[in-house]
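# Observations on the model geometry
So you can see what is in the structure, the chains are spelled out below.
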Amino acid sequence: MAPTDHDSSDFAALQRLADERWTCRQFRPDEVDRATIEQLLTLTQRTPSWCNTQPWQVVVTAGEGTERFRKELLTHIQTNGTAPDFEFPAQYAGVYRDRRRECGFQLYDSVGIAKGDHEKTMRQMVRNFEFFDAPHVAIVTSEADLGIYGAIDCGLWLESFLLGAQALGLAAAPQAALASYSPFIRDHFDLPTHRKVVFGVSFGYPDPDHPINTFRTARAPLDDQITWHTS
């Protein structure tokens, strides 16, 4: 095969998965069978990482494990402030603020939350910590000594997970919100202090009839993101 040859069907399949993937915010209660979850996790193990360090360690909940985590996390957030292991954005300004607001307005519009309705907005925010009723949660941690680059490698793992879930007919919601309570998560799952919580992912089967699952976010045109230097 010549260097420029490729199987266009492979790229088309990847393009379709990327185009169709979306963040699910309402799941059905049905659990995913263990074999399917392991199939997905085996795929994610092929994720590249710096010097092949593979810094991700993953806790996966199911059954009573999910329910206990959900219940105890909801109790915890009522009386405790946030304490993420990795610093959250200092602010969203300019185009980043615009994109964030557009996504938020789409979400609130889908479930009929009017602008300025702080009570319903707060209730929707809390849905993060109910995992949107998902039957499973994956908590992803990295080694403290690897710093931000370990977290970046975990981000690559997340992309593999999201596309793999889409290919298997599953849905997922990547959630930085869960990492905002990192000390609780470490204590709940008996993780050592040198493991830093990067994010969580709620996953399962989507509820296609729920209005919150009907909107899709846009992507910026390529010219807004790419700068070419050809000479």
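So, a few notes on the structure that sits alongside this text. Note that the coordinates shown come from a computational prediction; the quantities given were computed from them, not determined experimentally. (Residues numbered from 1 in each chain as written. Predicted model: local features only at pLDDT ≥ 70, side-chain atom pairs only at ≥ 80, totals over all residues. Heavy atoms only, no water.)

## A few points about the pattern of salt bridges
- In total, this model carries eleven salt bridges according to the counting rule given.
- Between Glu-72 and Arg-68 there is a salt bridge, with its nearest N and O atoms 3.4 Å apart. A residue pair is termed a helical-turn pair when its members lie 3 or 4 positions apart in one helix, as Glu-72 and Arg-68 do in helix H3 (residues 64-77) at four residues.
- The partner of Asp-98 in a salt bridge is Arg-97, with the nearest N and O atoms 3.8 Å apart.
- What makes Asp-98 partly exposed here is its relative accessible area of 42%.
- It is possible to trace a salt-bridge network through shared partners that takes in Arg-123, Arg-127, Glu-130 and Asp-133. (Salt bridge = Lys/Arg side-chain N within 4 Å of Asp/Glu carboxyl O. Helix = DSSP H or I, 4+ residues; strand = E, 2+ residues; numbered from the N terminus. Buried < 20%, exposed > 50% of the residue type's maximum accessible area, 1.4 Å probe, protein only.)

## Quick notes on the sheet that holds strand E4 (residues 195-204)
- Read from one edge of the open sheet, four strands run E1-E2-E4-E3, paired in antiparallel fashion. This sheet does not close on itself; its edge strands, each paired only once, are strand E1 (57-60) and strand E3 (171-175). For this sheet the average axis-to-axis angle between neighbouring strands, irrespective of direction, equals 25 degrees.
- Where strand E2 (residues 136-143) and E4 come together, eight bridges link them in antiparallel fashion. Note that in E4 the partner of Ser-142 across the bridge is Lys-196.
- Sitting on the sheet, helix H6 (residues 147-167) is in contact with E1, E2, E3 and E4, with an inclination near 10 degrees to E4. (Pairing = 2+ DSSP bridges. Axes fitted to C-alpha atoms, helices over the stretch in contact; angles between N-to-C directions. Contact = heavy atoms within 4.5 Å.)

## With respect to the layout of surface pockets
- Here the second largest pocket defines a volume of roughly 250 Å³.
- Among the elements that line the lining of the second largest pocket, the one with the most residues is helix H4 (residues 94-110), at six residues.
- Within the lining of the second largest pocket, the residues separate by chemical class into four nonpolar, three polar and four charged. (1 Å grid on protein atoms, 1.4 Å probe; cavity = no way out; pocket = protein on both sides within 12 Å on 5 of 7 lines; lining within 4 Å. Points joined across faces, edges and corners; volume = space filled by probe spheres on them. Nonpolar A, V, L, I, M, F, W, Y, C, P; charged D, E, K, R; others polar.)

## What to know about the side chain of Ser-49
- Structurally, the position occupied by Ser-49 is in the loop between helix H2 (34-44) and E1.
- The exposure class of Ser-49 is buried, given its relative accessible area of 15%.
- A polar contact is formed between the side chain of Ser-49 and the backbone nitrogen of Thr-53, at a distance of 3.2 Å.
- A polar atom in the side chain of Ser-49 sits 2.9 Å from the backbone nitrogen of Gln-54.
- In this view, Ser-49 contacts Gln-54, Pro-55, Trp-56 and Asp-153; residues no more than four positions away in its chain are not counted. (Polar contact = N/O pair within 3.5 Å; in protein donor to acceptor, adjacent residues only side chain to side chain.)

## Let's talk about the packing of aromatic side chains
- Taken as a whole and assessed by the stated rule, the structure comprises eight aromatic pairs.
- Arranged with centres 6.5 Å apart and planes meeting at 35 degrees, the rings of Trp-157 and Phe-199 form a pair that is tilted. One end of the pair, Trp-157, is in helix H6; the other, Phe-199, is in strand E4, with 42 residues separating them in the sequence. Across the pair, Phe-199 and Trp-157 agree in class, each one buried.
- Taken together, a centroid distance of 5.4 Å and an interplanar angle of 80 degrees make the contact between Phe-161 and Phe-203 edge-to-face. In this pair, Phe-161 is assigned in helix H6 and Phe-203 in strand E4, connecting sequence segments 42 residues apart. Of the two residues, Phe-161 and Phe-203, both sit in the buried class.
- Joined through ring pairs, the aromatic side chains of Phe-69, Phe-131, Phe-184 and Phe-189 make up one cluster.
- Here Arg-216 stacks its cationic end above the ring of Trp-22, 4.3 Å away from the centre of that ring. (Phe/Tyr/Trp six-rings, centres within 6.5 Å; stacked < 30°, edge-to-face > 60°. Lys NZ or Arg CZ within 6 Å of the ring centre and 35° of its normal.)

The values reported here are purely geometric and, on their own, carry no functional implication.
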